[in-house]
Amino acid sequence: MSATASRPWGARLRIEASASQVAAAAIVAAFLLAFLVVPVGRVFLTAFAAAEGGFTLVHFADFFRTSLFIESFWNSLYVAGMSVIFASLLAVPLAVILARYRFPGSALIAVLGVLPLVMPPFVGAVAMQLIFGRNGTVNLLLMDWFDVRLDLMEGLNGVIFVQSLHYFPFILMNLSASLSNIDVSMEEAGQNLGARGATLLRTIVLPLALPGYLAGASLVFVKVFDDLATPLLLNVTNMLAPQAYLRVTSVGLGDPMGYVISVILVVVSVAAMAASALLLRGRDYATSQRGGGGLSQRRMTPAGRIMAWCFVVPALLLVLAPHAGILLLSLATIWSFSPLPDGFTLAHYATVLRETPQFLTNTLLFCGIAAFIDVVLGVVIAWLVHRTRLPGRALLDLVAMSALAVPGLVLGIGILRTYFDVHLPGGDSLATSWIMLTIVLAVRRLPYALRAATAALRQVHRSLEEAAENLGAGSATTLARIVVPLMAGGLAAAFVTSFATAAVELSATLVLVTRDVDAPLSYGIYIYMQSAAGRGPGAALGVIAVVVVAICTWAAHAFAERERRRRSRTVEPRGAA
Amino acid sequence: MSAQGVDVEGVSFGYGATRVLEDVSLSIRKGEFFAFLGPSGSGKTTLLRLIAGFGTPDRGRILIGGRDMTRTPPWSRNVGLVFQNYALWPHMTVAQNVAFGLERRRVPRAERDRRVRAALDMVGLAHLIDRRPAQLSGGQQQRVAIARTLAIEPEVLLLDEPLSNLDAALRAGVRQELVELQRRLGLTTILVTHDQEEANAAADRMAVLDGGRVLQMGTPTELYDRPANRFVASFLGTANLIDGTVEGGVFRAGGITLALREPATPGRATLALRPQAIRLHRDASGGALAARVLRTEFLGGHVRYTLELQEGQQLTTEEVHLRGRDPLAPGGGVQLEIDPQQVSIL
Amino acid sequence: MPQPLTSRRALLAAGGTAGLLQARTRAFAQAALEPRVVVVTSFSRDVTTPFVQAFERANPGTKVEIQNRNTAAAVAFIRETRSSPPDLMWASAPDAFEVLKQGNLLAQPRIDTAGIPERIGGQPTNDPDGRYFGFAVSGYGIMYNTRYLRANRLPEPKEWADLTRPVYQGHVGISAPSRSGTTHLTIETILQGEGWEKGWAQLLEMAGNFAQVSDRSFGVPDAVNSGQYGIGIVIDFFGLSAKASGFPVEFVYPTVTTLVPANIGMVEGARNPEAARAFIQFLLSPAGQQVLLDPKVMRLPVRQETYANAPAGFPNPFTNPSLGARVRFNNDVSEVRYELVNSLFDRVITFRLRELTDAWKAVRAAETALGRRDNAEGRRLLNEARAKLTTVPVTEAQAADPAIAGAFRATRPDRPAAGRQAQFEEEWDRHAVAAYAEAKRLAEQAQRAR
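Rules used throughout
Residues numbered from 1 in each chain as written. Chains lettered and ligands numbered in written order. Predicted model: local features only at pLDDT ≥ 70, side-chain atom pairs only at ≥ 80, totals over all residues. Heavy atoms only, no water. Helix = DSSP H or I, 4+ residues; strand = E, 2+ residues; numbered from the N terminus. Buried < 20%, exposed > 50% of the residue type's maximum accessible area, 1.4 Å probe, protein only. Contact = heavy atoms within 4.5 Å. Areas by Shrake-Rupley, 256 points an atom, 1.4 Å probe, with all protein chains shown as cover. Domains from an automatic or database assignment. Buried area = accessible area lost by both parts, 1.4 Å probe. Salt bridge = Lys/Arg side-chain N within 4 Å of Asp/Glu carboxyl O. Polar contact = N/O pair within 3.5 Å; in protein donor to acceptor, adjacent residues only side chain to side chain. Nonpolar A, V, L, I, M, F, W, Y, C, P; charged D, E, K, R; others polar. Pairing = 2+ DSSP bridges. Axes fitted to C-alpha atoms, helices over the stretch in contact; angles between N-to-C directions. Parallel < 35°, antiparallel > 145°, perpendicular 65-115°, else oblique. Left-handed = near helix turned anticlockwise from the far one by under 90°. UniProt positions renumbered as here; feature names shortened; annotations may be inferred. Expected span 1.5 Å × (residues − 1).

- In the annotation of an unreviewed UniProt entry, the entry for chain B reads ABC transporter ATP-binding protein, and the organism field reads Neoroseomonas marina.

Structure, rendered in C-alpha cells:
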C-alpha cells in the first residue's frame, strides 16, 4: 500500500491502531522483553564478546575450525531430519484415520497420541533403555528365542527412535486439527470431479492439511535439534545441544563456545521455522466461513478397519513402551538383566507420596498458571498479528515464537543472571522463586499456545468479527465475546499442549529450582532418579506425572469435544462466493 | 453538499500495488434504496466495506448522515452490514446473535428482549429464537442476519450480496420482503450485487462499477435506456453494440442506415440496440433489412434469435412467444426493422 | 558484573578478586538453633534424606532445606549468592572446597572433631584451617553385575588392568571425567598411580572395552544395575548402596585407588550459623556416622567405632591399611592439569569412542589371528597399531606446562589469546581420528599378514 507505507510511523500508529491494541501490544512486548529478550540477550552477548571486551567473531571461527563441532552440527541436522521422517510415518496415518474415519479406536488414538508428551523425555529415554536397550526386555527375549539383538538404542539411532516416539504427537495433533478443519465441500468438490479414495486424499485433503503438517513437522525438527536431555541420557555427545551443555557445565559459563553453539542452535531453529513459514505463505486455507465445516467422517470397509488396527495397535504398543517400562520400574523390587522385574511392590509410591507430595501440587499450580498465561498471551498475539494492522506486530510474533529456538538451559541461565539480585520480600531471590519458574515455563511454552491460537484464529472467518464490530463491539469485546469462544476448542488444545509440555520441562527447571518445596514433578523425578540404589521412587513419581497430566489432558479434550459438538454441523454451511 | 444519506467523496483504495477503488464519488439520499452493481472484482464490496468502516481509504472521505466517518472505527458507526455469508456466530443462539449489538449499546435487558423479539418478528422467525445457526436453513440464516442488523436500528443498512447464497426459488420472494422492509422502515440501504435483475428490481438508484470506478449512476431505467458506455450497455441486459459513423444525424454501419431522433456528434460512434428495438417481420414485405436466422433459443415467455445481416453483422433480438406462432427455424430468412426511438449512441 | 564462571579453575582464578565479606555481627551467637538451615549439596536424595530425617528428629524445630546442584554449579551458586548465601556446602570433591576456601567463601565454625583421625588412607580428613570437614571417605573401584557376568560367562574383574582384557569388549562403562568429579579423581588416581604414559595407555586400552561413556555419574550404576552393561568404573558407595538395596552387583577396590574425604563446610555469611554448625557437628557425631551405613547411603565412616555396626564384607580402611595406601594422591599435580585431563579424555575417548573401539576390535581380531599363525610382520604391524592406540598427543611435561595447561583455564583479560583451548582440542581430535584410523588399518593388515 504505497500511500500508507509513505506515512510516518507515528501517523500510521495513530491511524491503524486503537488505543486498546497498543496497550495490549505494549503489555505483551514488556513481558517478552523482560523474560525472554533481555535474559537471552545477556547470555548471547558472550558469544561475541572478546576476552578484552568488545566485539569478536573469533569464537565462531573456532567453531568452524573444530571438526568435532562440525560433525556434531551434521549429526544434529541428521537426527532432527530423520526424527521428522519417522515421526511422520507414525503420525500421518494416525491423523488420517482419526480425522477421516469413523473408527472404533479413534478415542484411543486421540488419547494415546498425547501420552508421549506427558512423559518427561529423559524419563522416556530411561524407560526405552529398559525395554529396547542392548540388554532390555526386547533384546533379552530376542536373544533367548532367536539369538539376535536389535541395536535400536545405540548411538544416533537411539536418539532418533526415542525422539520420534516422543515428538510425533506434535505432527499428529497439528495435522488432525488441520484435517478436521477442512470444509466438507472441499472434499465433495473433489469427489464431484471424479476423485476418490487415495487420489482424493492426495490431491485435495493432504494439500489442504499441509499447513498443519508443516507446523507440526517444523516443531518436531526444532525440538529435536535443540533437545538436550534425550541425547545426554542415551550418552550421545556428538550433537550440538549436548556439546553446548557440556561446554557450559564443564568448561564453565565463561567459555564462549557454549554460547557460540547456542547462537548456532538458535540460527538453525529460526531457519527451520522460517522455511516452514515460507512454505506456508499463500496457503492460508481459511476455507469455511463458519470456522470449519469439518471433514466428513466415513465408515471404514472391513478390510480397511483391519488394516487400520494392524497399524494402530503396533504403533500404540511402541508409543506405550516407555510408559510400560516406567510403570514396571516403579513397581519393581529389583530389575536387573532380566526381561521383567524380579518382584513387584508399591513401596516406591509410598515413599514418594510420604516424602514429597508437594511435587505434584507444585506442578499443577505452576504449569496451570503458565499454561493460562500462554493461552492469554497466545490469543492476544495471534489476534494482534492476524487481525490488526498494528505496526511491529510481526516482530511481536517473531519474538514470541523465538522462544522455541532458545534452549531451556540458556533461558534459565539468562534469567538467573538477570534476576538473581532482585529480591522478594523475605530475602529470597526472584530468580529462584516459583513465580519466576512459572514465568519461565510460560515463556518456554508460549510458542505452542501461540501456534494453536493462530491456527484456531485462522479458522474463524473474519466476517464473524466484522459483524460484531459492525454491531458496535470494540476490539476487546470482539475478542472476548466472539473470537475467544469460537476458538475454544483450539485454545483448549493450546492449554493442554502448554500445560503438558511445561509439566515435563526440565532444562530450565534444573537451573532455576533451588528448593524441594518449590520444585515441580519433573525436577522431583530427576532428583529421585539420581540413585544407585534403584530408580523405583523416581519411576513412581514419573507414573504419577503421566497419570496426572493425562487426566488433565483428557478433561481438556472432553471440553473441546463438547465445544465441537455444540457447534454441531447438522446443517452444512453454504460456501462463500 | 451532502445528501444526508451516505456520501463518498473521491475515495481511492488499494492493497499494496493493487488498486481496488479509484476516485469514487457518489451520494446516496436518506431513505433511498441504492445498489452497487458490477462484476466480481469491480470494487463494489470493498466500497461497501469502507462505508462500514472495514478499512480506511487512501484518499477521500466518507460521510454518513452528513458527518465525516472516514476514520471512525466500525463499531462507532451505527451502520448495519449484512454479510454475504451472514457471519452468524455459531456458538450463540439466534437470540444471542440478535441481542449482541443491543448489549454493546447498553440497552436495558427488558428493552433488549423486546427489540430482539421485534426484529425477529419482522423477519418472521420469532419461533426460532433459541436455535443455533447450524440448525437453520439458509434462508432462515439470512433472515436472522438481517434481524441482527435491524435490531440496532442502524442509520444505514448495507447488504452484501444478500441473495447469492439462497436458492433461486427463494430469491424473488426474499428480495420483495427486503424491499418492503426497507420501504416500511425508510432506511437508507445499499445493496451490493452482481445481478442486474436484483438491482433493477430493488433499487431506487444504482451505480455501475467496474475496475474500481463508477461508470454510471442513475435510476435503473435511466441506466438501461441511456447507458453511458459499452460496459454499462452490455452489463445491463442484452445490447447489440454496432460500430459505425454518425453523419448529419444518420448512423451508418454495414447495411444499417438509421436516422437518429436525438442529436449526436458526427464521427465514429457505437450504436446500442436493445433486442426489443428490433421488430421482426415474418412476411417479406414489412421490414427494411433482410437477415438470416443463425440460432433460435426458446426461453418460454419469449424466443431469442441470433440474426445475421447480409453484410455479416450479427444481431440478437427477442420476440414474445404466443401460442400458434412457431419460432423461426435457423437458416430461414427474415425481415427486420429498427425502432429509432429505442436506440442510443455511445 | 562478575562473569558467570562455574569451572572450578575459573572460580579459582576469579576468587581472588572476590574480596572479603563482612561478617555479620550476631548479638546472640549462642542462641538456640534457627528454624531452618539451607544446604547446597551435590549428593542425591538417597544420601541427604536419611541425614535430614535423623537431624530433624534430633533437633525438632529446625528444618533442613536441601538444594541439589552438581558440584560446579553449587560452587558458582555460592559465589553468586554472596548477598544471601546458603548455610552449608555439602559435597564430595575436596577440590571444590579448596576453591571456595581460596575465594574466602567458607566460614570457620567451631567444630569438635575429637575421635576422628587426622588421616585416613593417607589423606588428611579435615581442612587444616578448619574451614571444611570430612564426614566420610570414598574410594574408587569396579562395580559389576553378577547376573550379567554369569550370563556372558565373564570372569570377575579385580584390577584396572583386568578391564583391558579383550574378553570384556563392550561390557564396561564409565562416566566422563569432565562430567563427574569422582570419575576425574579415578582417572587422576590411575595417572598418578601408574604414571602419565602407562596410565593413559591403560585407560585407552580399557576404553577399547567401553560400551559407553556416560555423561552422568549415575548413568554408570544405573546401567550396571539394570544390566545394560556388566561392569562400571564407579565411586565405592554407588556399588555398595546398589548391593545393599538388593541389586545383584558387587564392588571391588583395585590396588591403585585412593581414599578421598567427602566434606561439609559452612558458607561465609550464613544466615543460620547455629543450625549450620549443629548440622556439621551432627554429621561427625557417632549418631550421624551411623547414618552412613543406611543401605541407600553406604559410605565409609570417618569414625572407627562405627564400622562395628557395618554389614559383613563392608570395606574398612582402619583394619585394611592397604586400602588406598598405594597411591599418594598429589593434589598439586592434579590441580595444574585438571581441565586438561578432562578435555583430553573427552577428545581421545568420549567423543571418539566408536572409532577407538572399532580400532581395538581390529587389534584383538589380529591378535587372535596371530595367535593361530604367528609371524614377525604381523607382530610388527600389531605393535605399531597398539602404539597408535595407547599414546596421547600430550606429554606429562606438557600437561604440567602452564603455557598449555593454562590454555584450559578460563580466559582472563590479562592473558594473551594465544594457545587457545579450541586449537589444542581440535589438534587432539584430529590426532585421535587419524591415529585410530591408522591403527585399524595396521591391525587389519596384521590380521592378513602371513
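### Brief notes about the overall build of chain A
Part 1: Helix and strand counts for chain A stand at 26 helices and 2 strands.
Part 2: Here chain A holds 577 residues, and 62% of them are scored as buried.
Part 3: When contacts within chain A are restricted to residue pairs at least 6 apart in sequence, long-range pairs at least 24 apart make up 77% of them.
Part 4: For chain A, the accessible area works out to roughly 20,700 Å², and carbon and sulfur atoms hold 69% of it.

### Details of the domain arrangement of chain B
Residues and elements named next belong to chain B.
Part 1: Taken as a whole, chain B is organised into domain 1 (4-230) and domain 2 (239-345).
Part 2: Relative to domain 2, the C-alpha centre of domain 1 lies at a distance of 39 Å.
Part 3: Across the boundary between the two partners, domain 1 contributes 6 residues, which contact 7 residues of domain 2.
Part 4: For the domain 1 and domain 2 pair, buried surface summed over both sides reaches about 600 Å², with 37% attributable to carbon and sulfur atoms.
Part 5: Three residues stand out in domain 1 for area buried against domain 2, namely Y224, R226 and R230, and they jointly supply 80% of the buried area on that side.
Part 6: Here R230 ties to D243 by a salt bridge, and the two come within 3.0 Å at their closest N and O atoms.
Part 7: Seen at the junction of domain 1 and domain 2, the total is 4 residue pairs in polar contact (both at pLDDT 80 or more).
Part 8: The residue makeup of the side of domain 1 that touches domain 2, split by class, is 3 nonpolar, no polar and 3 charged.

### So, the sheet that holds strand β9 (residues 210-214) of chain C
All names here are of chain C.
Part 1: On the basis of which strands lie adjacent, the open sheet formed by 5 strands has the order β9-β8-β10-β7-β11 and mixed pairing. Lying at the two open borders of the sheet, with one neighbouring strand each, are β9 and β11 (249-252). Between one strand and the next, the sheet's axes are offset by a mean angle of 25°, whatever the strand orientation.
Part 2: Bridging between strand β7 (residues 140-145) and β11 involves 4 bridges; their strand directions are antiparallel. Bridging from a neighbouring strand, I142 pairs with V252 of β11.

### Observations concerning the side chain of T149 of chain B
Part 1: Structurally, the position occupied by T149 of chain B is in helix α4 (residues 138-150).
Part 2: According to the relative accessible area criterion, T149 of chain B is buried, its value standing at 1%.
Part 3: Polar contacts involving the side chain of T149 of chain B include one to the main-chain carbonyl oxygen of A145 of chain B, which spans 2.9 Å.
Part 4: Discounting residues that sit within four places of it in the chain, T149 of chain B has contacts with L471 of chain A together with G80, L81, V82, P154 and L157 of chain B.

### As for the interface of chain C and chain A
Part 1: Contacts between the two partners involve 70 residues from chain C and, on the opposite side, 64 residues from chain A.
Part 2: A buried area of about 5,600 Å², summed over both sides, lies between chain C and chain A, and 45% of it is on carbon and sulfur atoms.
Part 3: Ranking the residues of chain C by area buried against chain A places R45, Q228 and F351 of chain C at the top, with a combined share of 13%.
Part 4: At the surface where chain C touches chain A, the tally comes to 4 salt bridges.
Part 5: Between R535 of chain A and D222 of chain C there is a salt bridge whose closest N-O contact spans 3.4 Å.
Part 6: Here chain C and chain A share 14 residue pairs in polar contact (both at pLDDT 80 or more) between them.

### Notes on the sheet that holds strand β13 (residues 300-301) of chain C
Residues and elements named next belong to chain C.
Part 1: Spatially, 6 strands are ordered β2-β1-β3-β12-β6-β13 in an open sheet, and the strand pairing comes out mixed. Each end of this open sheet is capped by a strand with a single partner; those strands are β2 (63-68) and β13.
Part 2: Here 3 bridges tie strand β1 (residues 36-41) to strand β3 (residues 88-91), and the two strands are oriented parallel to one another. Paired with V40 across the bridge in β3 is M89.
Part 3: Across the face of the sheet, helix α4 (residues 94-102) comes into contact with β3, β6 (132-138) and β12 (260-266) while running at roughly 35° to β12.

### A look at the packing of helix α21 (residues 462-470) of chain A against helix α22 (residues 475-486) of chain A
Between two packed helices, the angle of one axis relative to the other and the distance separating the axes together describe the packing.
Residues and elements named next belong to chain A.
Part 1: Two elements in contact, α21 and α22, have axes whose closest approach is 10 Å; the angle formed by their N-to-C orientations is 160°. It follows from the interaxial angle that α21 and α22 lie roughly antiparallel. Judged by the sense of rotation from one axis to the other, the crossing of α21 with α22 is right-handed. In this structure, α21 uses L464, E465, A468 and E469 to contact α22, whose residues at the interface are T478, I482, V483 and L486.
Part 2: Residues belonging to the contact of α21 with α22 are distributed by class as follows: 5 nonpolar, 1 polar and 2 charged.

### Focus: the UniProt feature "domain: ABC transporter" (unreviewed entry) in chain B
Part 1: Residues given the UniProt feature "domain: ABC transporter" (unreviewed entry) here are residues 6-236 of chain B.
Part 2: The span residues 6-236 of chain B is 36% helical and 27% strand by assignment, and the distance between its end C-alpha atoms comes to 24 Å.

### Here's the deal with helix α6 (residues 181-194) of chain C
Residues and elements named next belong to chain C.
Part 1: Relative to the 20 Å expected for 14 residues at 1.5 Å per residue, α6 spans 20 Å between its end C-alpha atoms, a close match to the ideal helical length.
Part 2: Burial runs high along α6: 12 of the 14 residues are buried.
Part 3: The elements touched by buried residues of α6 are β7, β8 (172-175), α7 (196-207), β10 (231-235), β12 and α12 (331-350).

### As for the environment of L441 of chain A
All names here are of chain A.
Part 1: Along the polypeptide, L441 turns up in helix α20 (residues 434-458).
Part 2: With a relative accessible area of 2%, L441 lands in the buried category.
Part 3: Separated by 360 residues in the primary sequence, L441 and G81 place their C-alpha atoms 26 Å from one another.
Part 4: In contact with L441, other than residues within four places in its own chain, are F366, C367, A370, D374, A502, E505 and T509.

### As for the pattern of salt bridges
Part 1: Across all of its chains, the model carries 53 salt bridges over all chains by this definition.
Part 2: Between E438 of chain C and R441 of chain C there is a salt bridge, with its nearest N and O atoms 2.7 Å apart. One end of the pair, E438 of chain C, and the other, R441 of chain C, are both in helix α17 (residues 421-448), 3 residues apart, so they sit about a helical turn from each other.
Part 3: A relative accessible area of 25% means that E438 of chain C is categorised as partly exposed.
Part 4: Taken together, the shared-partner salt bridges connect E71 of chain A together with R352, E355 and D429 of chain C into one network.

### Quick notes on α21 of chain A
All names here are of chain A.
Part 1: With respect to burial, α21 is a largely interior element, 8 of its 9 residues being buried.
Part 2: Among the residues of α21, S463, L464, E465, E466, A467, A468, E469 and N470 are the ones counted as buried.
Part 3: Looking at the residues trailing α21, positive phi occurs at G472, about 105°.

### So, the pairing of strand β7 (residues 156-160) of chain B
All names here are of chain B.
Part 1: β7 sits mainly inside the fold: 5 of its 5 residues count as buried.
Part 2: Judged from the 4 bridges that link them, strand β6 (residues 79-82) and β7 form a sheet pairing that is parallel. The residue bridging V82 from the neighbouring strand is L159, located in β7.
Part 3: Bridge analysis of β7 against strand β8 (residues 188-193) gives 5 bridges, and the strand direction is parallel.

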